[in-house]
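# Geometric and topological summary
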Amino acid sequence: MLHLAARTEEGWGAWAVTCMDEILLDHAHCEKKAASTAVGLIFRYQDVPALAIPLARLAREELEHFEAVVEHLRRRGLEFGRLRPSAYAARLMAIVRPREPERLLDTLLCCAMIEARSCERMQLVAEALELSGGDSELVALYRGLLASEARHHNDYLGLARDLVPEDSLRSRLQAIAQHEADVIAHAPAEARLHGAAQKSTTA
Ligand SMILES: [Fe+2]
Ligand SMILES: [Fe+2]
């Protein structure tokens, strides 16, 4: 269960596979950022030792995902390089309250929602690739990543669950999931894993 407050709009996956090169490059950046965020939390919360090992494991997996996506880029004759980040994560994280201990709880829940949305979007890409008879190795890549991203969602939720009573966790998760749904619903139309589909101009 991914706790998403709203599903991605119909047709996003079919559109995403028409700009797969850009989606893949953005995806590589997302995996790199996911690893970096987990390592950053280990640095920031050295006084919360329960975070260290789960986040180290998660960061290692995200770096493996990063390597796998970069290898796929190279198979397509492309190379990893700079890309302007989509505004999704920054807009999502705007809900994080500035003071501890709320800051840690909100950050973990935002990370959980990023994992959930990434998992949903990767599934949509995999399904659309299969439907369009696309690159079978790419389908295998996305299918292989789904289980990890769903687990990461649960990992972050589990770490948050250790901080507050269950009812407090539930209500804050619901608020952050609703905020995430608003952020993704207002994402600009661009070829990003967390972007919106470019609408066809033809009637
Ligand atoms: Fe990942
Ligand atoms: Fe992940």
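Quick summary incoming for the structure in this document.

## Some thoughts on the overall build of the protein
- Broken down by element type, the protein carries 7 helices and 0 strands.
- Relative to its length of 203 residues, the protein is compact, with a C-alpha radius of gyration of 17 Å against a globular reference of 17 Å.
- Dimensions of the protein, computed from C-alpha atoms along their principal axes, come out at roughly 50 × 35 × 30 Å.
- For the protein, the proportion of its 203 residues judged to be buried stands at 47%.
- Relative to all contacts within the protein whose residues are 6 or more apart in sequence, the contacts with residues 24 or more apart total 80%.
- Only carbon and sulfur atoms are counted for the fraction: they give 55% of the accessible area of the protein, which is about 10300 Å².
- Taking the average location of the 24 positive side-chain charges in the protein and that of its 30 negative ones, the two points are 4 Å from each other.

## Some details on unusual backbone geometry
- Cis rather than trans, the peptide bond between E100 and P101 has omega equal to 5°.
- Structurally, the position occupied by P101 is in the loop between α4 (88-93) and α5 (102-131).
- Positioned with a positive phi, H3 is a non-glycine residue whose angle comes to about 60°.
- Note that H3 resides in the segment before α1 (12-16).

So, how was this worked out
- Residues numbered from 1 in each chain as written.
- Chains lettered and ligands numbered in written order.
- Predicted model: local features only at pLDDT ≥ 70, side-chain atom pairs only at ≥ 80, totals over all residues.
- Heavy atoms only, no water.
- Helix = DSSP H or I, 4+ residues; strand = E, 2+ residues; numbered from the N terminus.
- Rg over C-alpha atoms; globule rule 2.2 N^0.38 Å.
- Buried < 20%, exposed > 50% of the residue type's maximum accessible area, 1.4 Å probe, protein only.
- Contact = heavy atoms within 4.5 Å.
- Areas by Shrake-Rupley, 256 points an atom, 1.4 Å probe, with all protein chains shown as cover.
- Lys, Arg positive; Asp, Glu negative; His and termini not counted.
- Charge placed at Lys NZ, Arg CZ, Asp CG, Glu CD.

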